[in-house]
Amino acid sequence: MLSLQNIEKIYRTDTIETLALQNINLEVAKGEFLSIMGPSGCGKSTLLNIMGLLDAPTGGAVSFENEALTGFSDKKLSQFRNQKIGFIFQSYHLINDLPVLDNVELPLLYRNVSGSERRRLAQEALEKVGLSNRMKHYPSQLSGGQKQRVAIARAIVGRPHLILADEPTGNLDSAMGNEIMEILEQLNRDDQTTIVMVTHDENMAKRTHRLVRLFDGSLVSSNSFYNA
């Protein structure tokens with residue numbers, strides 16, 4: 001599904017150079033649920049951004065479904081990202097002025113999809129996360145757990161091959177966090193959606209197929225819990 005080869009990421013300013021990632025080699029299999037852990041500042045979010053084509057590595061190569069992405073224009077990367085990848089963020093990133101249904105439809109606005117089809121797909125995604133009765137509500141009217149469900153519905157509305165989740169349970173209590181994990185597990189199990197999740201919660205990580213640990217920008221270990 002996803003291959004990272006000798007990935008390096010350096011951030012430079014006029015006065016300082018920061019090595020964020022070095023010598024990252026990682027393969028993510030189709031249908032795998034992978035978690036990434038490590039201390040704050042170790043490069044987890046940078047790695048997720050490179051996986052999601054939101055940031056380009058300074059060195060190395062990224063391949064997605066055996067297609068090398070090196071040299072893609074920004075426009076082509078944006079189209080590829082919209083069609084293949086869904087994102088779930090810790091802080092939801094919902095638009096408060098739009099009702100839930102319109103928030104979920106957003107990724108489809110960049111595709112050649114009719115208004116009626118966008119609405120049907122958004123309704124279907126909201127039903128999957130148990131929010132069919134909240135379609136006309138606004139984000140300010142929802143709990144944290146409900147907002148994260150909306151974010152998941154938005155991530156899956158385009159039927160992506162890969163979901164990247166950055167601390168999806170980080171702002172939630174344990175009960176809500178468990179509900180979000182159950183939804184992700186169901187998407188992985190029933191739809192065979194590949195998921196990569198950054199987390200600080202060891203218990204959540206142990207519910208995935210494999211745990212990769214980062215330290216100071218390098219991969220330091222990889223543990224499988226059961227076969228994907």
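Up top you'll find the structure we're talking about.
Here is a short report on the structure shown in this document. The numbers attached to residues start from 1 for each chain and follow its sequence in the written order. In view of the model being predicted, local features appear only for residues whose pLDDT reaches at least 70, and side-chain atom pairs are presented and counted only at 80 or more, with totals across whole chains, interfaces and linings using the full set of residues. Computation of side-chain values covers all heavy atoms of the structure but excludes hydrogens and water.

Right, let's talk about helix α4 (residues 115-128) for a bit. Along its 14 residues, α4 runs 20 Å from first to last C-alpha, staying within 8% of the 20 Å computed at 1.5 Å per residue. Taken together, the buried positions of α4 are Arg118, Leu121, Ala122, Ala125 and Leu126. The arc that holds the buried residues of α4, viewed along the axis, is 135°, so those residues lie on one side. Facing away from the buried side of α4 by more than 90 degrees, the exposed set consists of Ser116 and Glu127. Looking at the residues trailing α4, positive phi occurs at glycine 130, about 75°. The numbering of helices and of strands both runs from the N terminus, where a helix is a DSSP run of H or I of at least 4 residues and a strand a run of E of at least 2. Here the expected span of a helix is defined as 1.5 Å times the quantity of residues minus one. The classification of residues rests on relative accessible area computed with a 1.4 Å probe and restricted to protein chains. Under 20% of the type maximum is buried, over 50% is exposed, and intermediate values are partly exposed. Summarising the geometry, the arc corresponds to the directions from the helix axis toward the C-beta atoms.

A separate point is the side chain of serine 218. Note on placement: serine 218 falls in strand β10 (residues 218-224). We classify serine 218 as buried; its relative accessible area is 19%. At 3.3 Å, the side chain of serine 218 and the side chain of glutamine 22 are in polar contact. The residues contacting serine 218, other than those within four sequence positions of it, are Gln22, Ile24 and Arg213. A 3.5 Å cut-off defines polar contacts: any pair of N or O atoms within that distance qualifies, except that in protein one atom must be a possible hydrogen donor and the other a possible acceptor, and neighbouring residues in sequence count only when both atoms are side-chain atoms. Residue contacts follow a heavy-atom distance rule, with two residues in contact if any of their heavy atoms lie within 4.5 Å.

In this fold, histidine 209 is placed in the loop between α7 (202-205) and β9 (210-215). For histidine 209, a relative accessible area of 7% gives the class buried. A polar side-chain atom of histidine 209 sits 3.5 Å from a polar atom in the side chain of asparagine 188.

So, about the packing of aromatic side chains. Aromatic pairs are defined between Phe, Tyr and Trp rings, using the six-membered ring for Trp, whenever the two ring centres lie within 6.5 Å; interplanar angles under 30 degrees are classed as stacked, those over 60 as edge-to-face, and all others as tilted. Summed over all chains, the structure comprises three aromatic pairs. Ring pairing ties together the aromatic residues Phe64, Phe72 and Phe80, which thus form one cluster. Lying across the ring of phenylalanine 72, lysine 76 places its NZ or CZ 4.4 Å from the centre. Each ring is checked for a lysine NZ or an arginine CZ that lies within 6 Å of its centre and within 35 degrees of its normal; such an atom marks a charge sitting over the ring.

Time to look at the sheet that holds strand β1 (residues 2-12). Strands pair in a sheet through their backbones, by hydrogen bonds, and they do so in one of two ways: parallel or antiparallel. In space, the four strands of this open sheet follow the order β2-β1-β4-β5, with antiparallel pairing throughout. Strands with a single pairing partner mark the edges of an open sheet, and in this sheet they are β2 (17-28) and β5 (67-68). Direction of pairing for β1 relative to β2: antiparallel, over a ladder of eight bridges. Bridged to arginine 12 within β2 is glutamate 17. Pairing between two strands requires that DSSP report at least two bridges joining them.

Turning our attention to the nonpolar core. Among buried residues, the Ala, Val, Leu, Ile, Met, Phe, Trp, Tyr and Cys ones that are joined through side-chain atoms within 4.5 Å form a nonpolar core. Residues Val104, Leu126, Ile152 and Leu184 are the most contacted members of the largest nonpolar core, which totals 33 residues. For this core, the secondary structure elements donating two or more residues are α3 (100-105), α4, α5 (144-156), β7 (162-166), α6 (174-191) and β8 (194-198). If we skip the residues at most four places from it in the chain, leucine 126 touches Val100, Leu101, Val104, Leu131, Ser132, Met135 and Ala153. With 30 residues, the next largest nonpolar core counts Leu4, Leu21, Val62 and Val198 among its residues.

A separate point is the pairing of strand β3 (residues 33-37). Most of β3 sits out of view: five of its five residues are buried. Burial along β3 is two-sided: Phe33, Ser35 and Met37 and Leu34 and Ile36, pointing in opposite directions, are all buried. Of the strand pairs in this sheet, β3 and β8 are connected by four bridges, and their pairing is parallel. Each bridged residue has a counterpart across the sheet, and for leucine 34 the counterpart in β8 is valine 196. By the bridge criterion, four bridges tie β3 to β9 in an arrangement that is parallel. Looking across to β9, one finds that serine 35 is bridged to leucine 211.

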